[in-house]
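Residue-level structural notes
Below, each chain spelled out in residue letters.
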Amino acid sequence: MKVNKLVVKSEQDLRNCLDLLYQEAKKGKHFYGMLELLQNDVVILEAIRNIKSNKGSKTAGIDQKIVDDYLLMPTEKVFGMIKAKLNDYKPIPVRRCNKPKGNAKSSKRKGNSPNEEGETRSLGISAVTDRIIQEMLRIVLEPIFEAQFYPHSYGFRPYRSTEHALAWMLKIINGSKLYWVVKGDIESYFDHINHKKLLNIMWNMGVRDKRVLCIVKKMLKAGQVIQGKFYPTARGIPQGGIISPLLANVYLNSFDWMVGQEYEYHPNNANYREKKNALAALRNKGHHPVFYIRYADDWVILTDTKEYAEKIREQCKQYLACELHLTLSDEKTFIADIREQRVKFLGFCIEAGKRRFHKKGFAARMIPDMEKVNAKVKEIKRDIRLLRTRKSELEKALDIENINAKIIGLANHLKIGISKYIMGKVDRVIEETAYRTWVKMYGKEKAAQYKRPVSEFHNRIDRHKGYQMKHFSVVTEDGIRVGITHAKITPIQYATVFKQEMTPYTADGRKMYEEKHRKIRLPDKMSLFDHDSIFIYILSEHNDGKYNLEYFLNRVNVFHRDKGKCKICAVYLSPGNFHCHHIDPSKPLSEINKTVNLVSLCNQCHRLVHSNQEPPFTERKMFDKLTKYRNKLKI
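Residues numbered from 1 in each chain as written. Predicted model: local features only at pLDDT ≥ 70, side-chain atom pairs only at ≥ 80, totals over all residues. Heavy atoms only, no water.

Within an unreviewed UniProt entry, the label attached to the protein reads RNA-dependent DNA polymerase, and the organism entered is Geobacillus zalihae.

On to the sheet that holds strand β12 (residues 451-453), then. The antiparallel open sheet is built from three strands, whose spatial order is β12-β13-β14. Edge positions in the open sheet fall to β12 and β14 (481-483), since each of these has one partner strand only. Between one strand axis and the next, the sheet turns by 55 degrees as a mean value, whatever way the strands run. Pairing analysis gives three bridges linking strand β13 (residues 470-475) to β14, with the strands arranged antiparallel. Across the sheet, the residue bridging to V474 is V482, located in β14. (Pairing = 2+ DSSP bridges. Helix = DSSP H or I, 4+ residues; strand = E, 2+ residues; numbered from the N terminus. Axes fitted to C-alpha atoms, helices over the stretch in contact; angles between N-to-C directions.)

Right, let's get into the state of the cysteines. This structure, assessed with the given rule, holds zero disulfides. In this structure C602 is a free cysteine whose sulfur lies 3.5 Å from that of C605, the closest cysteine sulfur available. C602 sits in the buried class, given a relative accessible area of 3%. (Disulfide = S-S within 2.5 Å. Buried < 20%, exposed > 50% of the residue type's maximum accessible area, 1.4 Å probe, protein only.)

A surface patch of positive charge is lined by K378, R382, R385, R388, R436 and K440. Counting only elements with at least two residues in the positive patch, the list comes to α13 (370-385) and α15 (420-442). It is α13 that contributes the most residues to the positive patch, three residues altogether. Mapping R382 onto the fold places it in helix α13. Overall, R382 belongs to the partly exposed group, its relative accessible area being 43%. (Patch = residues over 30% accessible without salt bridge, like charges linked within 9 Å, V, L, I, M, F, W, Y side chains within 5 Å. Areas by Shrake-Rupley, 256 points an atom, 1.4 Å probe, with all protein chains shown as cover. Salt bridge = Lys/Arg side-chain N within 4 Å of Asp/Glu carboxyl O. Lys, Arg positive; Asp, Glu negative; His and termini not counted. Charge placed at Lys NZ, Arg CZ, Asp CG, Glu CD.)

With 23 residues, α15 extends 32 Å between its outermost C-alpha atoms, agreeing within 8% with the 33 Å of an ideal straight helix rising 1.5 Å per residue. Backbone geometry just downstream of α15 places G443 in the positive-phi region, at approximately 90 degrees. (Expected span 1.5 Å × (residues − 1).)

A separate point is unusual backbone geometry. Non-glycine residue H325 carries a positive phi angle of around 60 degrees. With respect to the helices and strands, the residue H325 is situated in the loop between α12 (306-323) and β8 (334-337). When its relative accessible area of 43% is taken as the criterion, H325 is described as partly exposed. Of note, the phi angle at L346 is positive, near 55 degrees, even though the residue is not glycine. Mapped onto the fold, L346 is located in the loop between β9 (343-345) and β10 (348-354). Looking at L346, the relative accessible area reads 14%, which means it is buried.

Below is the structure:
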């Protein structure tokens, strides 16, 4: 398939193009002329928008530039720079830094930091321009690879999460009565990926544009800078790179299918209409049941006997070594009977215990890994103790909101397992630390006055509404009460099995996702961006610097924030009836195009704001809004 023949002028065109790539990849087609699609303005803008919304957008590479440096540039200049770099791609080396892993231990008594004791994860931070190009590659390549990935690979894939991997594991244990587990661990997986083998796999998966493969190769060979010294990269991909998770999944895809074809996706299954009949026929022929689940480089295999578990482990070890040049860790790869021994997987301990109300049979249970829970609670306690060092109540309030984010994040992780008791235990530990902190800050007598029902807090109102349980809070100078939340407010929602039809590359898959998450579907955001509108702004008298790339990115976010309606008359907006209005045009360039200074207006209301004409409407609410925006312009 020649991709360069596809016409992409809006986000809807891009969406249709990606859907087509997904469908054709399902059929086993090969793809040529992909560089032209990469250089499309719509792809570039979408990539920059995604980078901008990423938490790491404020992190600089070795060139010391962040995303904001490019957002303030004229749009056509940024596009031209990215295209020129693609045509003669020379990536900037990544900045390497170490970050403690989730299981890294620290000892306050000995004065050790997480980096001094326990394992660390090495992250590679690319320059912003390289991140943009990586995101462009991800946008174009992901649908091709998604169509061919193993169904029960859940790591770093759209719409999928750890919850789905764990739910599928529990379903297999309970449904198929498989209690022998092979827990696999690949030694330093990201650091040992073979570049030549990876490019060969991409070629076999249909990416036949050698120019694109050459860009990926240069990206892999970019090298790294550690403490100011350059080191070439002969193998491996940097963790932290935007395209790295996708490439990591590509590299292990053949291994996934090798294990999967042992039983669940055995070639003989194609002769049967229903999967359960095909698997029953395999068992009758003496095949041992094998079910494989992977999340990133963590994977488990479920089977029925210890002997076959040992056989499949050896088979995996040989395949990884001979085909992918990877080493299976003998120390961390083990076999266990989960009726007798818990297996840790993705932050939970999986076990099979006797059923509560039945004399026979076992049921799989998912219990939080307390080692990881305690590490997170320890971090939250440290943040609470740091409140003592804050000088103002406002600073304390801001810190409390960061603490709440961590508490809610931990609760959201715990809620998919058997964890209500553990949430209560977490709350008690955090509350004890908060009590000692408030006593230090306000004294023993006054500390009790700051412990109020969470329903009285002005933060997280939707979360705290109706709950009378108490926690500690602070009151800012303007009377706003901000308090610490409880983990156990988060309701338990047990892990659910992923529906394989749910994908961002089919209309039905997107609809399923929107219905599940109850998201309102607004018109495609990129349909508000077209070449003509940018051309007019660039060449007209409006080109005073404020209509830069940040403006064109944020106008889309503002449209969605305002739910596709005019903020004055509430009419639904469309591409031909939409203006993104600057509320205060006198702000400096670094602030003028922030979302707080932009508002969605229809053509009529936009003209009214910039004139003294009498409005055709008489509703007080609409008139007040119009007056407010007019007054802002006069100021």
